[in-house]
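Residue-level structural notes
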Amino acid sequence: EPEVTQTPSHQVTQMGQEVILRCVPISNHLYFYWYRQILGQKVEFLVSFYNNEISEKSEIFDDQFSVERPDGSNFTLKIRSTKLEDSAMYFCASRSTMGYGYTFGSGTRLTVV
Amino acid sequence: KQEVTQIPAALSVPEGENLVLNCSFTDSAIYNLQWFRQDPGKGLTSLLLIQSSQREQTSGRLNASLDKSSGRSTLYIAASQPGDSATYLCAVREGGKLIFGQGTELSVKP
């Protein structure tokens, strides 16, 4: 069964450093997403990406965040200057155009120290 | 603003019991509703997807229902097993994004 692959599984970074979280969505999917889950809280929407541009973003997704699809397979989330409160599990997801559900990756646990 | 609530927050049952998890949402203008399973520290595994025009979906021992007009969905798990222990999340699709409930943490005791 096709999978969404995320790397790394766990990243520890110092406050103020830049991090890039990587995702390989399912190959024939066209919609891509990032969500995050702070420990003990709900899964929250960050951003959706379609046709090489952001289609929607939440209030959380401020100027410190950016997304990119640098080639035909990867989808990245960059946090420019990490804060302690950015510590969370970050999930990538993708969806086809056929009205099917979302497929999520296994997540990257980001710890900012 | 869409709000998704799941009751109960936690549930502990003996193996073999049938159980029902509840999900409610405040705005009935949803595209679909999806149930996920999350094991501790892991990703989200999709269990069932119900389109807004459907009333229920079944997969093995799982059955999910949707009553859009009343803003409710239930996930029924038959003959529960210890391997079913996990957090179960429901999420409604509004526009292009999912809005999640806080989950029900299920523990099935042998």
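Note that the structure is a prediction, hence the values are computed from the model and not measured. (Residues numbered from 1 in each chain as written. Chains lettered and ligands numbered in written order. Predicted model: local features only at pLDDT ≥ 70, side-chain atom pairs only at ≥ 80, totals over all residues. Heavy atoms only, no water.)

Notes on unusual backbone geometry
In the segment running from A:Thr7 into A:Pro8, the intervening peptide bond is cis, with an omega of -10°. The amide bond that connects B:Ile7 to the next residue, B:Pro8, takes the cis arrangement and shows omega of 0°. You can see B:Pro8 is positioned in the loop between strand 1 (4-7) and strand 2 (10-14). At A:Asn51, a residue that is not glycine, the phi angle is positive and equals roughly 55°. Mapped onto the fold, A:Asn51 is located in the loop between strand 5 (43-50) and strand 6 (53-57). You will see that A:Asn52, though not glycine, has its phi angle at about 65°, which is positive. Structurally, A:Asn52 can be placed in the loop between strand 5 and strand 6. (Helix = DSSP H or I, 4+ residues; strand = E, 2+ residues; numbered from the N terminus.)

Remarks on the environment of A:Phe49
Residue and element names in this part refer to chain A. Along the chain, Phe 49 turns up in strand 5. We classify Phe 49 as buried; its relative accessible area is 6%. Each C-alpha atom of the pair Phe 49 and His 10 lies 24 Å from the other, and the pair is 39 residues apart in sequence. (Buried < 20%, exposed > 50% of the residue type's maximum accessible area, 1.4 Å probe, protein only.)

Thoughts on the side chain of A:Thr108
Residues and elements named next belong to chain A. Residue position: Thr 108 is located in strand 11 (residues 108-112). By relative accessible area, which is 0% here, Thr 108 ends up buried. Discounting residues that sit within four places of it in the chain, Thr 108 has contacts with Gln 6, Thr 7, Pro 8, Ser 9, Leu 21, Ala 88, Met 89 and Tyr 90. (Contact = heavy atoms within 4.5 Å.)

Section: the interface of chain A and chain B
As a measure of interface size, the accessible area lost when the parts come together is often cited. At the interface, 18 residues of chain A touch 22 residues of chain B. Of the roughly 1500 Å² buried between chain A and chain B, counting both surfaces, carbon and sulfur atoms make up 52%. Sorting the residues of chain A by area buried against chain B places A:Lys42, A:Tyr102 and A:Phe104 first, and these three jointly supply 36% of that buried surface. At the junction of chain A and chain B, the tally comes to one salt bridge. Two residues, A:Glu56 and B:Lys97, come together in a salt bridge whose shortest N-O distance is 2.8 Å. Put simply, chain A and chain B have seven residue pairs in polar contact (both at pLDDT 80 or more) between them. Of all the secondary structure elements, the ones that give two or more residues to the side of chain A that touches chain B are strand 4 (31-37), strand 5 and strand 9 (88-95) of chain A. Split into classes, the residues belonging to the side of chain A that touches chain B amount to nine nonpolar, five polar and four charged. (Buried area = accessible area lost by both parts, 1.4 Å probe. Salt bridge = Lys/Arg side-chain N within 4 Å of Asp/Glu carboxyl O. Polar contact = N/O pair within 3.5 Å; in protein donor to acceptor, adjacent residues only side chain to side chain. Nonpolar A, V, L, I, M, F, W, Y, C, P; charged D, E, K, R; others polar.)

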